[in-house]
Amino acid sequence: MPLLFDMPLEKLKTYKGTNPKPADFDTFWNRSLAEMRALNPRVKLVRSKFQTSFAECFNMYFTGVGNARVHAKLLRPRKAAKKHPAVLLFHGYSGNAGEWYDKLGYVALGFTVAALDCRGQGGLSEDSGGVKGNTLRGHIIRGLDDKPENLLFRQIFLDTAELARIVMDMPDVDPRRVGATGGSQGGGLT
């Protein structure tokens, strides 16, 4: 079956889309990141009931923009090199941070792992909400009828940046060796 496109392949190779970057894009994100950096994240680690001989497991909570308490699962090796790598995991839309056991492969290799529960979705993170407009087709559109500062995905992207900052500031993590991965929505957040 031949592949069908709306335009010839040569045009597709240089096509830039129909939504140009807004003129205030960089200003918007610089302001947003400054707001995030001004927060005291008030990180709290709560030891999980799930533990292994080689991994320490914690429910980690921190304060995100809008004063929401955000949750992530944090796993770290019990016996790791002083400065070791870390990986941030981001789930697909409507999912959550997943199970403890599915992160153990990274920990066994000497990584700290932090898996975010995106606010407004299936995990333990709070969604402070409070926007104009509907969420009829899901939280993915929350804030579209309000000002850009109230967009759900602005908050979620800032939560990912805050999580990265928290993990990179951990004394046992090498901040030059922190990666991120995820599928679907998680790929976009990565």
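Residues numbered from 1 in each chain as written. Predicted model: local features only at pLDDT ≥ 70, side-chain atom pairs only at ≥ 80, totals over all residues. Heavy atoms only, no water.

### Notes on the overall build of the protein
The following threshold applies: The way it works is that DSSP assigns letters per residue, a run of H or I at least four long becomes a helix, a run of E at least two long becomes a strand, and they are numbered from the N terminus. Burial status follows relative accessibility: with a 1.4 Å probe on protein chains alone, a residue under 20% of its type maximum counts as buried, one over 50% as exposed, and anything between as partly exposed. Residue contacts are defined here by distance: any two heavy atoms, one from each residue, within 4.5 Å place the two residues in contact. Per-residue and other accessible areas were derived by the Shrake-Rupley procedure at a 1.4 Å probe size, with only the shown protein chains allowed to occlude residues. For this count, His and the chain ends are skipped, Lys and Arg are scored as positive, and Asp and Glu as negative. Every charge is mapped onto a representative atom, which is NZ of Lys, CZ of Arg, CG of Asp or CD of Glu.
Secondary structure assignment for the protein yields five helices and six strands. Listing the helices and strands of the protein from first to last along the sequence gives α-α-β-β-β-β-α-β-α-β-α. Each of the three principal axes of the protein carries a C-alpha extent, and together these read 55 × 45 × 30 Å. Expressed as a percentage of the 190 residues in the protein, the buried residues total 39%. Once local pairs closer than 6 in sequence are excluded, the contacts in the protein between residues at least 24 apart make up 65%. Summed over its atoms, the accessible surface of the protein is roughly 11,100 Å², and 56% of this surface lies on carbon and sulfur atoms. Taken as two groups, the 27 positive and 19 negative side-chain charges of the protein have centres that lie 5 Å from each other.

### Describing the packing of aromatic side chains
The geometry of an aromatic ring pair is captured by two quantities: the separation of the ring centres and the angle between the planes. Quick reminder of the rule: Two rings from Phe, Tyr or Trp (for Trp, the six-membered ring) form a pair when their centres are within 6.5 Å of each other. A pair whose planes differ by under 30 degrees is stacked, one over 60 is edge-to-face, and the rest are tilted. Lysine and arginine charges are scored as sitting over a ring when NZ or CZ, respectively, is within 6 Å of the ring centre and within 35 degrees of the ring normal.
With the rule as written, the count across this model stands at four aromatic pairs. Measuring from centroid to centroid gives 5.1 Å for Phe 28 and Trp 29, while their planes differ by 85°, and the two rings are edge-to-face. Note on Trp 29: relative accessible area 21%, which makes it partly exposed. Here the aromatic rings of Tyr 106 and Phe 111 are separated by 6.0 Å at their centres, their planes lie at 65°, and the arrangement is edge-to-face. On the basis of relative accessible area, Phe 111 is assigned to the partly exposed category, the value being 23%. The ring of Trp 100 is capped by Lys 73, whose NZ or CZ atom sits 4.8 Å from the centre of that ring.

### As for helix 2 (residues 25-38)
The cut-off we apply is this: One fewer than the residue count of a helix, multiplied by 1.5 Å, yields its expected span.
Helix length check: helix 2, at 14 residues, gives a terminal C-alpha distance of 20 Å against a target of 20 Å (1.5 Å per residue), a fit within 8%. Against the buried residues of helix 2 lie helix 4 (152-168).

### Some remarks on the pairing of strand 4 (residues 84-90)
Threshold: In this analysis, strands are considered paired if DSSP registers two or more bridges between them.
Counting buried positions along strand 4 yields seven of seven residues, so the element is predominantly enclosed. Bridging between strand 4 and strand 6 (residues 173-182) involves six bridges; their strand directions are parallel. Considered in strand 6, the bridge of Ala 86 is made with Val 178. Examined bridge by bridge, strand 4 and strand 5 (residues 112-116) share five bridges and lie parallel to one another.

### Here we look at the sheet that holds strand 5
Here is the rule: Note on geometry: axes are C-alpha line fits, over the in-contact stretch for helices, and angles between N-to-C directions span 0 to 180 degrees.
Reading across from one edge, 1-2-3-5-4-6 is the order of the six strands in this open sheet, with mixed pairing throughout. Lying at the two open borders of the sheet, with one neighbouring strand each, are strand 1 (44-47) and strand 6. With strand direction ignored, the average angle separating the axes of adjacent strands in the sheet is 25°.

### So, the environment of Ala 80
Within the element layout of this structure, Ala 80 appears in the loop between strand 3 (69-77) and strand 4. Of the residues examined, Ala 80 reaches a relative accessible area of 32% and is grouped as partly exposed. Each C-alpha atom of the pair Ala 80 and Leu 109 lies 9.3 Å from the other, and the pair is 29 residues apart in sequence.

### Re unusual backbone geometry
Despite not being glycine, Arg 42 shows a phi value in the positive range, around 45°. Residue position: Arg 42 is located in the loop between helix 2 and strand 1. Classification of Arg 42 by relative accessible area gives partly exposed; the value is 45%.

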